[in-house]
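# Coordinate analysis (summary)
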Amino acid sequence: MEDSTIQQIKDRLDIVEVVGNYIKLQKTGVNYRANCPFHSEKTPSFFVSPTRQLWHCFGSCGTGGDIFKFVMKIEGLEFGDALRTLAQKAGVEIARSSFSVQAKTERARLQEICGLASRFFERQLSSKTGQGAKEYLLGRGITEQSITDFHLGYSPDTWQGLSDFLVGQSYKREEVEKAGLAVKKDSGRSYDRFRGRIIFPIFDANSQAIGFGGRVFKYEDAAKYVNTPATLLYDKSRVLYGLDKAKLEIRKNDFVILVEGYTDVIMLHQAGFINAVSTSGTALTPFQLKILKRYTDNLYIAFDMDLAGNSATKRGIDLAQAEGFNIKVITMTPGLDPADMVKQDPIQWAKQVSEAKSIMQFYFEIALAKHNSKTPEGKKEISKILLPVIKRIPDKIEQVYWIQELARILGVKEDDVREELAKIKISQAGEAPLPDESFAGKNHLADRGAAGEKITRKDLLEERLLSLLFKNPKNTALIADNDQGLFSPIACQAFVYWQKQQVGAGGLEPLPAVDEYLAEFINRLVLRAELEELKEEDVEPEIKNCLAEIKCLAAKRELNQLSRAVKQAESEGETEKIQELMKEFDKLAREIAD
């Protein structure tokens, strides 16, 4: 791929807009910050620099880069796929010679297959073949416009209609199977997975078809839904139906309505509740929560609340609560789902949404409805239900409020509730961090941590010192030539670059053609320098302190080496060598003490 194409994309896209489509950014000075989408945190450590078109996390994952690295990381894409995604956003055409059919990644081929399949199903629904399916959808209250907007379709009731079509478009039957659209029989032949069903295409956040849900509408004895299995593109635990259309409205309204079915999402969007998404029949997963956290901290749940024991629903809510979501429950009419409710009375549905109860209020109401708070047995059972959920509240001020409320309801002392709360184990409270295993860092410190190497105090001191020098070039005289020998190789290279690239008060020139590893380390330092809030009069003392501590660490390492050499000489009976080493040892020990 020619560098000019990559540069065209960078020139046309603003990193703030690209990153802002995924997470909520808050302006802070000339930069923007947010909670890092790649690890769980409560204090924002993720920064975006519009000046340098860079992003970086200064928290535990320590990763960073440009728009390509961000999209690759957050979408789990290879570079070629991220390039295509961003080229489409930028309106940049990629030359055909750059990506031949043979050179396309497997992921890109499967994306093309899913896109073609989606259009195939759409055409079938509009034809005479799909007339019955379309009448069914219209009868459910789904409008023609919604059918178009959500690209609803129909799979003809034939064994290989879709497969034959895709093979005719130069794709292999094995690829159709890998896309989850065909099933291979023991005989080696394959047949279409979806036959005679209404099709709900499932899109990723960039509106790319990645999977499908097929609903029966004629045969009562058939499975109600057939869904795409796990593929390279589709993992139901990591996808939210309707998010591609809902994400901007979620951010705008600052809450998301979570429902269970495809039809629920479509009917709610149709009625103006465009901030609705669906788990597509799965329990709420840590990965889905991580996605939603990019857009809002407020979660409104609109489905059957089975909170008994260790139910999947309860586990999902426990995860969301532990992650700090503000959870509310929309009261549902018994026997009706959100699609039915909004169809019958959209005004009443809007009222139910506006009057949604907090999850803790909901838990209290459920517990008190089941048990008598006046009897000893009832008090015990109520405590069994409520103490674990109170323990799980991450905000201590909110937790205190519900401790007081439980004590009031049960007619006991607050200290008694606290005593019982202390007996609840963390595992009982269901606290579980969101998984970060797919988000290993790619920079100097993060690479070392991922490889099992300890990130040392010296590493941190070097980064602090260099970032202060990048921000305050006039302090260069504080680093003597022989001090550079104390730095690690990458820190020394960064320092040399800094010396060469000084341009007075104007700051640093753009990065030269350095290797990627060094460039990313320097970018980290540059952004850290921009974020530095140390007063100018405090910079010089801080640089001196960092340098002094680096020297002290180097001396201690040398002292340890001398100590080992003395022990070796003693074991070999070398008296003269021992005396020489001890003199060096004493001299160095005095220097450290001074």
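Residues numbered from 1 in each chain as written. Predicted model: local features only at pLDDT ≥ 70, side-chain atom pairs only at ≥ 80, totals over all residues. Heavy atoms only, no water.

### So, the sheet that holds strand E15 (residues 326-329)
- As summarised here, the arrangement of the five strands in space is E13-E12-E14-E15-E16, forming an open sheet in which the pairing is mixed. Edge positions in the sheet fall to strand E13 (276-278) and strand E16 (357-358), since each has one partner strand and no second.
- Examined bridge by bridge, E15 and E16 share two bridges and lie antiparallel to one another. Considered in E16, the bridge of Val-329 is made with Lys-357.
- Here helix H11 (residues 262-270) sits on the sheet and contacts strand E12 (256-259) and E13; the angle it forms with E13, its principal contact strand, is near 170 degrees. (Pairing = 2+ DSSP bridges. Helix = DSSP H or I, 4+ residues; strand = E, 2+ residues; numbered from the N terminus. Contact = heavy atoms within 4.5 Å. Axes fitted to C-alpha atoms, helices over the stretch in contact; angles between N-to-C directions.)

### Concerning the sheet that holds strand E3 (residues 46-49)
- One open sheet accounts for five strands, arranged E1-E2-E3-E4-E5; its pairing is antiparallel. In this open sheet, the two edge strands, each paired with only one partner strand, are strand E1 (26-28) and strand E5 (64-65).
- The pairing of E3 with strand E4 (residues 54-57) spans four bridges and is classified as antiparallel. Note on E4: the bridge partner recorded for Val-48 is Trp-55.
- Packing against the sheet, helix H3 (residues 67-75) makes contact with E3, E4 and E5, and its axis sits at approximately 50 degrees to E4.

### Here we look at the pairing of strand E2 (residues 31-34)
- Note: E1 against E2, three bridges, orientation antiparallel. In the strand pairing of E2, Gln-26 is matched with Arg-33.
- In textbook terms, the turn of a hairpin is the stretch between consecutive antiparallel strands, and for E1 and E2 this stretch comprises two residues, one of which, Gly-29, has a positive phi near 70 degrees.
- Sheet topology note: the E2/E3 ladder contains three bridges and is antiparallel. Counterpart to Ala-34 in the pairing with E3 is Phe-46.

### Considering the packing of aromatic side chains
- Under the defined criterion, the tally for this structure stands at 24 aromatic pairs.
- Here the aromatic rings of Phe-47 and Phe-58 are separated by 6.1 Å at their centres, their planes lie at 65 degrees, and the arrangement is edge-to-face. With a gap of eleven residues between them, Phe-47 in strand E3 and Phe-58 in the loop between E4 and E5 connect regions that are remote in the sequence.
- A relative accessible area of 24% places Phe-58 in the partly exposed class.
- Seen from their ring centres, Phe-273 and Trp-349 are 6.3 Å apart, and the 90 degrees between their planes marks the pair as edge-to-face. (Phe/Tyr/Trp six-rings, centres within 6.5 Å; stacked < 30°, edge-to-face > 60°. Buried < 20%, exposed > 50% of the residue type's maximum accessible area, 1.4 Å probe, protein only.)

### Comments concerning the environment of Arg-418
- Note on placement: Arg-418 falls in helix H19 (residues 414-422).
- Relative accessible area serves as the criterion here: at 34%, Arg-418 is assigned to the partly exposed category.
- Separated by 15 residues in sequence, Arg-418 and Ile-403 place their C-alpha atoms 7.3 Å apart.
- Beyond its immediate sequence surroundings of up to four residues, Arg-418 is in contact with Val-400 and Ile-403.

### Concerning the packing of helix H18 (residues 396-410) against H19
- For the pair H18 and H19, interaxial distance at closest approach is 8 Å and the crossing angle is 115 degrees. In this structure, H18 crosses over H19, and the sense of that crossing is right-handed. Contacts between H18 and H19 pair Val-400, Ile-403, Gln-404, Leu-406 and Ala-407 from the former with Glu-414, Val-417, Arg-418 and Leu-421 from the latter.
- Residues of the contact of H18 with H19, tallied by class, amount to six nonpolar, one polar and two charged. (Left-handed = near helix turned anticlockwise from the far one by under 90°. Nonpolar A, V, L, I, M, F, W, Y, C, P; charged D, E, K, R; others polar.)

### Side note on a negative patch on the surface
- On the surface, Glu-558, Glu-576, Glu-580 and Glu-584 cluster together into a negatively charged patch.
- Tallying contributions element by element places helix H26 (residues 575-593) first for the negative patch, with three residues.
- Here Glu-576 shows up in helix H26. (Patch = residues over 30% accessible without salt bridge, like charges linked within 9 Å, V, L, I, M, F, W, Y side chains within 5 Å. Areas by Shrake-Rupley, 256 points an atom, 1.4 Å probe, with all protein chains shown as cover. Salt bridge = Lys/Arg side-chain N within 4 Å of Asp/Glu carboxyl O. Lys, Arg positive; Asp, Glu negative; His and termini not counted. Charge placed at Lys NZ, Arg CZ, Asp CG, Glu CD.)

### So, the pairing of E15
- Judged by which residues are buried, E15 turns out to be one-sided: Ile-327 and Val-329 face inward and are buried, whereas Asn-326 and Lys-328, on the alternate face, are not.
- As paired elements, strand E14 (residues 298-301) and E15 share four bridges and run parallel to each other. Within the sheet, the bridge partner assigned to Tyr-300 lies in E15 and is Lys-328.

### What about the nonpolar core?
- In this structure, Ile-9, Phe-46, Val-277, Leu-299, Met-360 and Leu-406 are the most contacted members of the largest nonpolar core, which totals 73 residues.
- Excluding residues that lie within four positions of it along the chain, Val-277 makes contacts with Leu-240, Tyr-241, Gly-242, Leu-243, Ala-246, Ile-250, Val-256, Ile-257, Leu-258, Val-259, Val-265 and Leu-292.
- Formed by 57 residues, the second largest nonpolar core is a distinct cluster that contains Phe-150, Leu-166, Phe-255 and Val-342. (Core = buried A, V, L, I, M, F, W, Y, C linked by side-chain atoms within 4.5 Å.)

### Looking at the packing of helix H17 (residues 376-391) against H19
- Relative to each other, H17 and H19 sit at 75 degrees, their axes nearing to 10 Å. Classified by the interaxial angle, the pair formed by H17 and H19 is roughly perpendicular. Along its contact with H17, which presents Leu-387, Ile-390 and Lys-391, the element H19 presents Val-417, Glu-420, Leu-421 and Ala-422.
- Of the residues assigned to the contact of H17 with H19, the class counts are five nonpolar, no polar and two charged. (Parallel < 35°, antiparallel > 145°, perpendicular 65-115°, else oblique.)

### So, the pattern of salt bridges
- Per the counting criterion, the structure on display carries 20 salt bridges.
- The shortest N-O distance in the salt bridge between Asp-235 and Arg-238 comes to 3.4 Å.
- A salt bridge links Arg-408 to Glu-405; its shortest N-O distance comes to 2.7 Å. Taken together, the residues Arg-408 and Glu-405, both in helix H18 and three residues apart, mark about one turn of the helix.
- Accessibility expressed as a relative area gives 56% for Arg-408, which makes it exposed.
- Since its relative accessible area comes to 18%, Glu-405 is described here as buried.

### Comments concerning the confidence of the model for the chain
- Looking at the chain as a whole, its pLDDT mean stands at 82, while 86% of the residues score no less than 70.
- A low-confidence stretch, residues 428-443 stays under pLDDT 50, and its non-local contacts, those more than four residues away or across chains, total 49 contacts. (pLDDT = per-residue confidence, 0-100.)

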